[in-house]
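Reading the structure
One-letter residues, chain by chain:
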Amino acid sequence: QVRLVESGGGLVQAGGSLRLSCTNSGRTFRDYGMGWFRQAPGKEREFVAFITWSTTTSYADSVKGRFTISRDNGKETVYLEMNSLKPEDTAVYYCAAHASGDYFSPSAYNYWGQGTQVTVSS
């Protein structure tokens, strides 16, 4: 079983940067595609970024050009580098391991971390 723990969230001013990490402590995730999602208060969980086992990446339009997803299989860790942050990026950010189906849909993932809070002040 994959066990995911996110870290790196915090409070940052608009225009600033953060790097989130998602580390696995269970069975290896090197064969899994990995995704980042976020959920703001009162809103549904939304897709942010995805990386395949072969490091092909995809991004939501709202973060394209500002966020970068990467992975280090040797460290069992996936990263989300976030630059030029905006107040609308404020949310709890979750990483997840992809099972099957559309990578932009939360229902396609079978393992989730507990989330890390990102707050961007204006």
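Remember, it's a predicted structure, so these values are computed and weren't measured experimentally.

1. Some words on the packing of aromatic side chains
Scanning the model with the defined rule gives 9 aromatic pairs in all. Geometrically, the ring pair formed by Tyr 32 and Tyr 111 is edge-to-face, given 6.2 Å between the ring centres and 75° between the ring planes. Taken together, the residues span a long stretch of sequence, with Tyr 32 in the loop between strand S3 (18-24) and strand S4 (34-39) and Tyr 111 in strand S10 (residues 109-112) at a distance of 79 residues. We classify Tyr 32 as buried; its relative accessible area is 13%. On the basis of an interplanar angle of 80° and a centroid distance of 5.6 Å, the ring pair of Tyr 103 and Phe 104 is categorised as edge-to-face. Through pairs of rings, three or more aromatic residues link up here, namely Phe 37, Phe 47, Phe 50, Tyr 94, Tyr 103, Phe 104, Tyr 109 and Trp 112. Note that Arg 45 overlies the ring of Tyr 94, its terminal NZ or CZ placed 3.8 Å from the centroid.

2. Comments concerning the side chain of Asp 89
Looking at the element boundaries, Asp 89 is found in the loop between strand S8 (77-82) and strand S9 (91-98). Classification of Asp 89 as buried rests on a relative accessible area of 0%. Side-chain polar atoms of Asp 89 contact the side chain of Arg 66, separated by 2.8 Å. Contact partners of Asp 89, with chain neighbours within four places excluded, come to Arg 38, Arg 66, Phe 67, Ser 84, Val 118 and Val 120.

3. Focus: the side chain of Thr 116
With respect to the helices and strands, Thr 116 occurs in strand S11 (residues 116-121). In this structure Thr 116 comes out as buried when scored by relative accessible area, which is 10%. Beyond its immediate chain neighbours, meaning those up to four positions away, Thr 116 contacts Glu 6, Ser 7, Gly 8, Gly 9, Leu 20, Ala 91, Val 92 and Tyr 93.

4. Examining the pattern of salt bridges
When the charged atoms of two side chains lie near each other, side chains of opposite charge can form a pair. For the structure on display, the rule yields 4 salt bridges. A salt bridge links Asp 89 to Arg 66, with the shortest nitrogen-to-oxygen separation between them at 2.8 Å. You can see Asp 89 sitting in the loop between S8 and S9 and its partner Arg 66 sitting in the loop between strand S6 (57-59) and strand S7 (67-72), a full 23 residues away along the chain. Here the salt bridges share partners, and the residues they tie into one network are Arg 38, Glu 46, Arg 66 and Asp 89.

5. A look at the pairing of S7
Note on strand geometry: in a regular strand, side chains alternate between the two faces of the sheet. Residues Phe 67, Ile 69 and Arg 71 point to one face of S7 and are all buried, whereas Thr 68, Ser 70 and Asp 72, pointing to the other face, are not buried. Judged from the 6 bridges that link them, S7 and S8 form a sheet pairing that is antiparallel. Residue pairing across strands places Ser 70 opposite Tyr 79, the latter belonging to S8.

Definitions and cut-offs
Residues numbered from 1 in each chain as written. Predicted model: local features only at pLDDT ≥ 70, side-chain atom pairs only at ≥ 80, totals over all residues. Heavy atoms only, no water. Phe/Tyr/Trp six-rings, centres within 6.5 Å; stacked < 30°, edge-to-face > 60°. Helix = DSSP H or I, 4+ residues; strand = E, 2+ residues; numbered from the N terminus. Buried < 20%, exposed > 50% of the residue type's maximum accessible area, 1.4 Å probe, protein only. Lys NZ or Arg CZ within 6 Å of the ring centre and 35° of its normal. Polar contact = N/O pair within 3.5 Å; in protein donor to acceptor, adjacent residues only side chain to side chain. Contact = heavy atoms within 4.5 Å. Salt bridge = Lys/Arg side-chain N within 4 Å of Asp/Glu carboxyl O. Pairing = 2+ DSSP bridges.

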